[in-house]
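# Fold and geometry: a report
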Amino acid sequence: MKVAILGGAGFIGSAFVRELNNRNIKPLVIDLLTYAGRLENLKGTKHEFIKADIRDYKLHDILREFKPDIVVNFAAESHVDRSIYRPQDFVTTNVMGTVNVLESSRRLGFKYVHISTDEVYGERCADELSPLNPSSPYSASKASGDMFVKAYSRTYGVENIIVRPSNNYGPRQFPEKFIPKAIIRSLMNLHVPVYGDGSQERDWIYVEDTAKIIWDLIKKAEWKGEVYNLPGGQRVTNLELLKLLGRVIGKDISIKFVDDRPGHDRIYCMSTKLKYEVTSLSEGLKKTYEWYNQNKWWWEPLLQDKFFKEDEPWKV
Ligand code: NAD
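Note that the coordinates shown come from a computational prediction; the quantities given were computed from them, not determined experimentally.

About the thresholds
- Residues numbered from 1 in each chain as written.
- Predicted model: local features only at pLDDT ≥ 70, side-chain atom pairs only at ≥ 80, totals over all residues.
- Heavy atoms only, no water.
- Helix = DSSP H or I, 4+ residues; strand = E, 2+ residues; numbered from the N terminus.
- Expected span 1.5 Å × (residues − 1).
- Buried < 20%, exposed > 50% of the residue type's maximum accessible area, 1.4 Å probe, protein only.
- Arc of directions from axis to C-beta.
- Contact = heavy atoms within 4.5 Å.
- Pairing = 2+ DSSP bridges.
- Axes fitted to C-alpha atoms, helices over the stretch in contact; angles between N-to-C directions.
- Salt bridge = Lys/Arg side-chain N within 4 Å of Asp/Glu carboxyl O.
- Disulfide = S-S within 2.5 Å.
- Domains from an automatic or database assignment.
- Buried area = accessible area lost by both parts, 1.4 Å probe.
- Nonpolar A, V, L, I, M, F, W, Y, C, P; charged D, E, K, R; others polar.
- Near = heavy atom within 4 Å.
- Polar contact = N/O pair within 3.5 Å; in protein donor to acceptor, adjacent residues only side chain to side chain.
- Areas by Shrake-Rupley, 256 points an atom, 1.4 Å probe, with all protein chains shown as cover.

The next thing to look at is helix α9 (residues 281-294). Given 3.6 residues per helical turn, the α-helix brings residues three or four places apart onto the same face. When the terminal C-alpha atoms of α9 are compared, their 20 Å separation across 14 residues agrees well with the 20 Å that a helix rising 1.5 Å per residue should span. Along α9, the residues classified as buried are Leu-281, Gly-284, Leu-285, Thr-288, Tyr-289, Trp-291 and Tyr-292. Taken down its axis, α9 places every buried residue within 160° of arc, on the same side. Structurally, α9 contributes buried residues whose contacts are with β8 (167-169), α6 (178-187), β10 (201-206), β12 (235-237), α8 (238-249) and α10 (296-299).

The next thing to look at is the environment of Lys-243. As for its position among the elements, Lys-243 is in helix α8. Assessed through its relative accessible area of 59%, Lys-243 is described here as exposed. Separated by 68 residues in the primary sequence, Lys-243 and Asp-311 have C-alpha atoms spaced 19 Å apart.

The 3 strands are arranged β8-β10-β12 in an open sheet whose pairing can be described as mixed. Each end of this open sheet is capped by a strand with a single partner; those strands are β8 and β12. Each adjacent strand pair in this sheet contributes to an overall mean axis angle of 50°, direction not counted. Here β10 runs beside β12; their pairing, made up of 3 bridges, is antiparallel. Bridge pairing in β12 links Glu-201 to Thr-237. Relative to β10, helix α7 (residues 207-220) is tilted by about 70°, and along the sheet it contacts β8 and β10.

The subject of this paragraph is the pattern of salt bridges. Here the structure, examined in full by the defined rule, presents 24 salt bridges. Across the salt bridge formed by Arg-55 and Asp-53, the nearest N and O atoms sit 2.9 Å from each other. For Arg-55, a relative accessible area of 30% puts it in the partly exposed group. Assessed through its relative accessible area of 19%, Asp-53 is described here as buried. Between Glu-201 and Arg-235 there is a salt bridge; the shortest N-O distance is 3.0 Å.

Using the criterion set out here, one finds 1 disulfide in the structure. In this model Cys-125 forms its disulfide with Cys-269; the gap between the sulfur atoms is 2.0 Å. Across the S-S bond of Cys-125 and Cys-269 the torsion is about 105°, and the bridge reads as right-handed. Residue Cys-125 is located in strand β6 (residues 125-126), and its partner Cys-269 is located in strand β14 (residues 269-270); the two are separated by 144 residues in the primary sequence.

Here we come to the domain arrangement of the chain. Entries for the chain in the domain assignment read domain 1 (3-168 + 205-230) and domain 2 (177-203 + 237-265 + 284-315). Approximately 1,800 Å² of surface area, both sides summed, lies buried where domain 1 meets domain 2, with 53% of it carried by carbon and sulfur atoms. Our count for the contact surface shared by domain 1 and domain 2 stands at 2 salt bridges. For the side of domain 1 that touches domain 2, the secondary structure elements donating two or more residues are α3 (80-85) and β10. Considered class by class, the residues forming the side of domain 1 that touches domain 2 number 5 nonpolar, 7 polar and 7 charged.

Near the ligand you find 30 residues, and of these Ile-12, Asp-31, Ser-78, Tyr-138 and Lys-142 are the closest. Contacts to the ligand include Tyr-138, whose side-chain N or O atom sits 2.6 Å from an oxygen atom. Within the side chain of Lys-142, one N or O atom sits 2.6 Å away from an oxygen atom of the ligand. Out of a free accessible area of 830 Å², the ligand has 97% covered by protein chains. Going through the elements one at a time, α1 (11-22), α5 (137-156) and β8 are the ones with two or more residues in the shell around the ligand. Across the shell around the ligand, the residue classes tally to 14 nonpolar, 12 polar and 4 charged.

Here we take up helix α2 (residues 58-66). Those residues of α2 that sit buried are Leu-59, His-60, Ile-62, Leu-63 and Phe-66. Along the axis of α2, the buried residues cluster in a sector spanning 160°; they form a single face. When the buried face of α2 is taken as reference, the exposed residues oriented beyond 90 degrees from it are Lys-58 and Glu-65. As for α2, its buried residues are in contact with β1 (3-6), β2 (28-31), β3 (48-51), β4 (70-73) and α4 (88-108). Lys-67 occupies a position one or two residues after α2 and carries a positive phi of about 55°.

Structural data, given as structure tokens:
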């Protein structure tokens, strides 16, 4: 099976490359290497790599030459705070980039796996049939991408599935995100900023579990536009998460309450029609903490990033 992974140098995409390697598949990774995409994430994996932008027409030539059976699209602008600070790239990559990949799929006939998010449902408990009700520029761009996948399925018969994971955590996640930011700042004896009162609820899934479940879905997909929610089934408030992390690290995390970010969803909560087992949150946090503790070389060059350094980085 020939697989191309778009955004394979990012957090979840690189975990999926490892999952494919475990199955003796050497994928083609296509990635623009934005601030979030790093070849360091692919260290030790077997893959071919081409640097390209999913918004660029040249993507079609690359895919025509490679002749994939399946294309899995992780390429996205993925950080809500950045989308509040500067939304434009979210529209071009998450919407227009998706349409560009769909155009290639309808012309070349490969099967398309679209990686979406629980955030498209907004702050509610949702099943796969629930309406989309996004709150942030990020989730609005992801919901728009999903709508185009549906339109290409219906209009052109593009074979696809849409996968909506909940909050992922694990090794190689960019330090702008809540868990790596909390781990790294604690390792540096810095406070961890908590938005609002910290009572927002998130459902967490370990990244290797996500990668494995996506592979299992690919094997059983009917490619008729099925939607699959991927919750971790482990929902905690942000404050509870920091308490759990403190137990893993072996010290209380120093918390600083800061202004809540605008439009902040109070809760994400999905059910799923799938059955699978996941790593427990305490076990996953332990593995994640150990990885960051042992791989300072990976995150030390990233410490000047505004979205790691600042307490309220979305503020212009
Ligand atoms: P990430 O930000 O770590 O990685 C995104 C990757 O896409 C990077 O390698 C980046 O270089 C690449 N990229 C960005 N724009 C590109 C472009 N125009 N052309 C080519 N490559 C480009 O993101 P992630 O956390 O790995 O998320 C992957 C996917 O999963 C995204 O679609 C995201 O919306 C979705 N998702 C993430 C989470 C999470 O908790 N991380 C949860 C649910 C869904």
